[in-house]
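One-letter residues, chain by chain:
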Amino acid sequence: MTTPALTLNDGHDIPAIGFGTYPLKGDEAHDAITSALDTGYRLLDSAVNYGNEAEVGKAARDWLKANGVDRDQLTVQTKLPGRHHDYESALDSGMESLERLGLDRIDVLLIHWPNPITGKYRDAWRGLVELQRRGVVRTIGVSNFTADHLSDIVDDTGVTPAINQIELHPYFTQEHMRAVHADRGILTQSWSPLGKRQAPFEESAVADASAAHAVTPAQAILRWQVQLGSVPLPKSATPERQADNLDVFGFELTQEEMDAISALHREDGRLFGGDPNTHEEM
Ligand SMILES: NC(=O)c1ccc[n+]([C@@H]2O[C@H](COP(=O)([O-])OP(=O)(O)OC[C@H]3O[C@@H](n4cnc5c(N)ncnc54)[C@H](OP(=O)(O)O)[C@@H]3O)[C@@H](O)[C@H]2O)c1
């Protein structure tokens, strides 16, 4: 299976769907990532705080070698943790991620959370800009940033993040942030794209769309994500579900189906109350 690509504001391409790797670790991570790559995923989402960069990097390297696939066909992304937001710490952290991944470069590095109470995300962004200038990282972006956080770092550096990875699923549709991203030319990525444990598979909007297109509820939701213009990062340790989740480019939801799924939005729909203005994650 091949997936379409989208072009980022830095000119690089990124797959239109990716594979989430949290909380996979050890042999389970190696097996799940290998099967995801076999299935056709070409974007892997990791983070320092997932504690699995070594496993992600090794699985990627092993798979590229075993299949004779060009390194450029694969996008590996990871995230800078809150405890490394000082400028110098961000530089060191990027080098340590590169080492753990064991790759020639980090394809995508995101600031994991803004941690506005700690208040050092502007320093962290200057660090990422420098890591990109040094060629350690190809594409730089952020995660869980609000419109104000984005303004701060763009005003400071003149460099717009290529990506903002945010919580986005049918119960929390992020209409405002998607509009902000469209204005600034930032690609939206969706974390917990299926809604994780609170997946709205039973909701009639999802069930109806899945029945109408003879697809699973998960496929209907991921197709909704794709048509919103966001890149979903579903995680599954199950090869059959991995294949299902990737196979969302052969059908199209109608505007009515899109609207019905979007109408599941609730103001309190966040999965664990992870409001970026108050949630601190180090
Ligand atoms: N930037 C951030 O702050 C942040 C926060 C959270 C997550 N993330 C990223 O987003 C990725 C995905 O988020 P997530 O894991 O929280 O949520 P998710 O992908 O929405 O849901 C994952 C759960 O859904 C199940 N599942 C997957 N495909 C399914 C299918 N086709 N049918 C039924 N169940 C299915 C999985 O079970 P099985 O594995 O058993 O199949 C797993 O329990 C993470 O892995 C991580 O990379 C980022």
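So, here's what we can say about the structure.

Quick notes on the rules
- Residues numbered from 1 in each chain as written.
- Predicted model: local features only at pLDDT ≥ 70, side-chain atom pairs only at ≥ 80, totals over all residues.
- Heavy atoms only, no water.
- Helix = DSSP H or I, 4+ residues; strand = E, 2+ residues; numbered from the N terminus.
- Rg over C-alpha atoms; globule rule 2.2 N^0.38 Å.
- Buried < 20%, exposed > 50% of the residue type's maximum accessible area, 1.4 Å probe, protein only.
- Contact = heavy atoms within 4.5 Å.
- Near = heavy atom within 4 Å.
- Polar contact = N/O pair within 3.5 Å; in protein donor to acceptor, adjacent residues only side chain to side chain.
- Areas by Shrake-Rupley, 256 points an atom, 1.4 Å probe, with all protein chains shown as cover.
- 1 Å grid on protein atoms, 1.4 Å probe; cavity = no way out; pocket = protein on both sides within 12 Å on 5 of 7 lines; lining within 4 Å.
- Sits in = over half its atoms within 2 Å of the grid points.
- Nonpolar A, V, L, I, M, F, W, Y, C, P; charged D, E, K, R; others polar.
- Core = buried A, V, L, I, M, F, W, Y, C linked by side-chain atoms within 4.5 Å.
- Salt bridge = Lys/Arg side-chain N within 4 Å of Asp/Glu carboxyl O.
- Patch = residues over 30% accessible without salt bridge, like charges linked within 9 Å, V, L, I, M, F, W, Y side chains within 5 Å.
- Lys, Arg positive; Asp, Glu negative; His and termini not counted.
- Charge placed at Lys NZ, Arg CZ, Asp CG, Glu CD.

With that settled, the discussion passes to the overall build of the protein chain. A count of helices and strands for the protein chain gives 10 helices and 10 strands. Rg of the C-alpha trace for the protein chain: 18 Å, near the compact-globule value of 19 Å for 282 residues, within the 12% margin. Taken along the three principal axes of its C-alpha coordinates, the protein chain extends 55 × 45 × 30 Å. A burial count over the protein chain gives 55% of its 282 residues as buried. A fraction of 75% describes how many contacts in the protein chain between residues 6 or more apart in sequence connect residues 24 or more apart.

Turning to the site of the ligand, a few remarks are in order. For the ligand, the set of nearby residues contains 27 residues, the closest of which are Asp45, Ser192, Lys235, Ser236 and Ala237. For the ligand, an oxygen atom lies 2.8 Å from a polar atom in the backbone of Ala237. Contact distances for the ligand include 3.0 Å between an oxygen atom and a side-chain N or O atom of Thr238. Here the ligand, which alone exposes 910 Å², has 86% of that area covered by the protein. Of the pockets mapped on this structure, the ligand occupies the largest pocket. The residue makeup of the shell around the ligand, split by class, is 11 nonpolar, 11 polar and 5 charged.

Moving on, we come to the nonpolar core. Membership of the largest hydrophobic core comes to 63 residues, with the highest contact counts inside it found for Phe19, Ile33, Leu44, Val76 and Ile111. Examining the composition of this core, we find that 6 residues originate from one element, helix α8 (residues 217-228), more than from any other. Apart from residues no more than four positions distant in its own chain, Val76 is found in contact with Leu44, Val56, Ala60, Leu101, Leu103, Ile106, Asp107 and Val108. Formed by 10 residues, the second largest nonpolar core is a distinct cluster that contains Leu110, Ala162, Ile163 and Leu233.

Turning our attention to the pattern of salt bridges. Following the criterion strictly, the structure yields 15 salt bridges and no others. Of the charged contacts, one joins Arg122 and Asp152 as a salt bridge, the two residues approaching to 3.7 Å between their closest N and O atoms. Remark: Asp152 occurs in helix α5 (residues 147-157) and Arg122 occurs in helix α4 (residues 121-133); sequence separation between them is 30 residues. The class for Arg122 is partly exposed, based on a relative accessible area of 34%. Through salt bridges with shared partners, a single network forms among Arg71, Asp72, Asp104, Arg105 and Asp107.

Here we come to a positive patch on the surface. On the surface, a cluster of positive charge is contributed by Lys196, Arg197, Lys235 and Arg241. For Lys196, the location among the structural elements is in the loop between β9 (187-191) and α7 (204-213). By relative accessible area, which is 44% here, Lys196 ends up partly exposed.

Read these as geometric descriptors, not functional statements.
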